[in-house]
Amino acid sequence: QLQSKILILTICAAGIGGTFQYGYNISIINSPTSYIQTFMNETWLERTGVPLKSNVLLLLWSFTVSVYPLGGLTGAVVAGPMAITLGRKTSLLLNNVFVIIAAVLSGFSRMAKSFEMIMLSRFFTGMNAGVSMNIQPMYLAESAPKKLRGAVALTSASFTALGLVLGQVVGLREILGGEESWPFLLASNVVPALVQLMALPWFPESPRYLLIDRGDKESCMSALQKLRGNSDLSAELEEMLAEQVAVKGQRAKNPWELFQNPTLRWQLMSIIVLSSAMQLCGNDSMYFYAAYVFQEAGIPQDKIPYVVIGTGSCELIASVTCNMIIDYAGRRPLLLGGYAFMAGWAIVFMVALSQQTQLSWMPYLSMACVFAYILSFGIGPAGVTGVLPTEVFDQMSRPAAYMICGSLLWFNLFLVGTAFPFIVKSLAHFCYVPFLVVCVCTAFYVWFFLPETKGKSFLEISEEFKKRNFRAQTHAVFYKGPEEIKSTVL
């Protein structure tokens with residue numbers, strides 16, 4: 001069927017230059033670590049005649065790594081205004097400029113004998129990831145039919161995991177991870193950017209954006225026909241027109257306006273809790289531990305990079321599985337199950353780490369925990385968290401909600417990256433206690449406060465949250481009939 005093909009191709013065109021870059025750029029920096037540090041030292045020695053002290057070198061490297069989430073934070077902040085003024089598709093296309101600049105900087109850094117170019121390039125790749133992490137799920141969820149909305153928006157997480165695995169593969173010594181080829185490895189992110197620049201212009205803009213933000217009914221119909229074909233569009237168009245009426249006379253909101261609006265209290269609370277938990281749950285730190293755990297399990301040092309690819313593949317398999325079941329299972333069970341399982345595995349992992357030297361089979365249990373933890377994260381929190389802001393906010397609040405989500409995501413990534421070595425130092429085998437607390441608290445929040453959004457229109461979801469936000473008032477005016485009905489109109 002041609003139309004389902006067009007939707008699939010739209011997903012691929014948006015994903016390859018979108019969240020794919022986030023996963024890819026996180027993993028390609030790992031394999032050339034020692035080579036880049038040597039390059040920094042040699043460059044400094046050439047400039048000043050004095051080698052870098054080990055603590056200064058570590059500081060420079062830490063800055064090179066942490067400037068990526070700093071760029072991501074900047075990207076998340078500019079993504080909202082970009083999505084509103086330029087539209088979803090144009091923003092994704094323009095976003096590739098950041099990667100092209102980054103690829104030029106890192107590709108020529110060795111030739112120019114400048115490690116500062118690598119730092120700057122990491123900032124620009126971060127900006128690209130910050131924009132795409134916000135705009136891609138918004139673009140795809142607004143373009144998808146209601147019954148497939150969860151699965152389509154969730155492909156953003158699958159592309160992140162795919163980027164992670166491909167980054168690990170390309171970073172192998174035999175491909176681009178060698179001493180001579182690391183500048184090419186860092187510049188290889190230009191390839192997905194060029195693919196997107198060639199492919200995405202052929203696909204339609206978000207129909208919702210065209211109708212509700214631009215007021216262009218003709219373009220909206222044309223985009224819908226491209227995406228849905230000859231199927232009956234009246235129900236979908238009616239729903240969009242109802243939302244257009246509901247937000248009539250409003251302009252796109254700023255992030256601080258969401259905090260001031262009592263009708264958005266629970267929506268805001270939900271995305272703040274879930275976006276923070278996504279980075280504070282310790283999944284990224286599992287990758288940090290992976291090499292150590294595999295070494296303890298007796299895997300030879302030179303084979304560890306290949307086994308680490310298995311951890312990335314785990315997340316990819318889990319997010320593809322989640323993709324297939326989200327619109328059947330619903331959002332709540334996947335989030336709840338994901339965090340509950342992660343809490344369980346965190347306990348087992350800490351026990352296994354503490355007994356690592358006592359029992360011969362413990363390293364294998366630690367190894368199983370690494371895979372199980374990453375699988376639990378991939379099956380729920382990894383993907384569902386990115387879908388929710390699209391579903392629980394209306395068209396005028398959505399870009400601002402994604403700005404808040406993205407800012408929290410990147411700030412917490414920076415926080416965990418900075419704090420984790422100190423947590424390990426002070427808590428040793430019990431370093432997963434803070435992550436365990438986060439997982440348990442988030443699971444409780446989802447159980448008690450998050451409504452299910454599966455199969456509901458955006459207006460129905462808004463109504464459900466409105467009941468929660470105004471529970472007291474609703475009880476007070478329940479008998480008034482018509483007045484109460486009037487008050488539930490957005």
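As recorded in an unreviewed UniProt entry, the protein chain goes by the name GTR11 protein, listed as coming from Geococcyx californianus. Its UniProt record, at the heading Subcellular location (unreviewed entry), says of the protein chain: "Membrane". Here is the UniProt Sequence similarities (unreviewed entry) comment for the protein chain, exactly as written: "Belongs to the major facilitator superfamily. Sugar transporter (TC 2.A.1.1) family."

Visitor: Looking at this model, I keep getting lost on the pattern of salt bridges. Mind explaining?
Guide: Where charged atoms from two side chains of opposite charge come close, those side chains can pair. Throughout the structure, instances matching the rule amount to 13 salt bridges. Note that arginine 47 is salt-bridged to glutamate 116, the shortest N-O span being 2.9 Å. Taken together, the positions of arginine 47 in helix α3 (residues 33-48) and glutamate 116 in helix α7 (residues 116-143) put the pair 69 residues apart, joining distant regions of the chain. Residue classification places arginine 47 among the partly exposed positions, given a relative accessible area of 41%.

Visitor: I'm lost on the domain arrangement of the protein chain in this one. Help?
Guide: Reports of interface size often rely on the accessible area that becomes lost once the parts have come together. Taken as a whole, the protein chain is organised into domain 1 (1-203) and domain 2 (257-489). Distance between the C-alpha centres of domain 1 and domain 2: 23 Å. The interface is formed by 41 residues belonging to domain 1 together with 44 residues belonging to domain 2. When residues of domain 1 are sorted by the area they lose upon contact with domain 2, Arg149, Leu154 and Gln168 head the list and together hold 18% of the total. At the boundary of domain 1 and domain 2, one finds 2 salt bridges. For arginine 149, the salt bridge is made with glutamate 391, and the minimal N-O distance between the two is 2.9 Å. Where domain 1 meets domain 2, there are 10 residue pairs in polar contact (both at pLDDT 80 or more). Elements represented by at least two residues in the side of domain 1 that touches domain 2 include exactly α4 (54-85), α7 and α8 (149-170). For the side of domain 1 that touches domain 2, the element with the highest residue contribution is α8, accounting for 14 residues. Looking at side-chain class alone, the side of domain 1 that touches domain 2 contains 24 nonpolar, 10 polar and 7 charged residues.

Visitor: What am I meant to see in unusual backbone geometry here?
Guide: Glycine aside, residues mostly have negative phi angles, and peptide bonds mostly take the trans form. Residue lysine 113 is not a glycine yet carries a positive backbone phi of 55 degrees. Its place among the elements puts lysine 113 in the loop between α6 (96-107) and α7. A relative accessible area of 45% means that lysine 113 is categorised as partly exposed.

Visitor: How should I be thinking about the packing of aromatic side chains in this particular structure?
Guide: Note on aromatic pairs: each is described by the distance of the centres and the angle between the planes. Within this structure, the stated rule accounts for 13 aromatic pairs. Between the aromatic rings of tryptophan 266 and phenylalanine 449, the centroid separation amounts to 5.0 Å while the plane-to-plane angle is 20 degrees, which identifies the pairing as stacked. Note that tryptophan 266 is positioned in helix α15 (residues 265-280) and phenylalanine 449 in helix α22 (residues 433-449), a separation of 183 residues in sequence. The class of tryptophan 266 is partly exposed, set by a relative accessible area of 22%. Grouped by ring-pair contacts, the aromatic residues Trp266, Phe444, Tyr445, Phe448 and Phe449 constitute a single cluster. Over the ring of tyrosine 68 we find arginine 122, and its NZ or CZ is 4.6 Å from the ring centre. Cation over ring: arginine 398 sits above phenylalanine 458, and NZ or CZ is 4.6 Å from the ring centre.

Cut-offs applied
- Residues numbered from 1 in each chain as written.
- Predicted model: local features only at pLDDT ≥ 70, side-chain atom pairs only at ≥ 80, totals over all residues.
- Heavy atoms only, no water.
- UniProt positions renumbered as here; feature names shortened; annotations may be inferred.
- Salt bridge = Lys/Arg side-chain N within 4 Å of Asp/Glu carboxyl O.
- Helix = DSSP H or I, 4+ residues; strand = E, 2+ residues; numbered from the N terminus.
- Buried < 20%, exposed > 50% of the residue type's maximum accessible area, 1.4 Å probe, protein only.
- Domains from an automatic or database assignment.
- Contact = heavy atoms within 4.5 Å.
- Buried area = accessible area lost by both parts, 1.4 Å probe.
- Polar contact = N/O pair within 3.5 Å; in protein donor to acceptor, adjacent residues only side chain to side chain.
- Nonpolar A, V, L, I, M, F, W, Y, C, P; charged D, E, K, R; others polar.
- Phe/Tyr/Trp six-rings, centres within 6.5 Å; stacked < 30°, edge-to-face > 60°.
- Lys NZ or Arg CZ within 6 Å of the ring centre and 35° of its normal.

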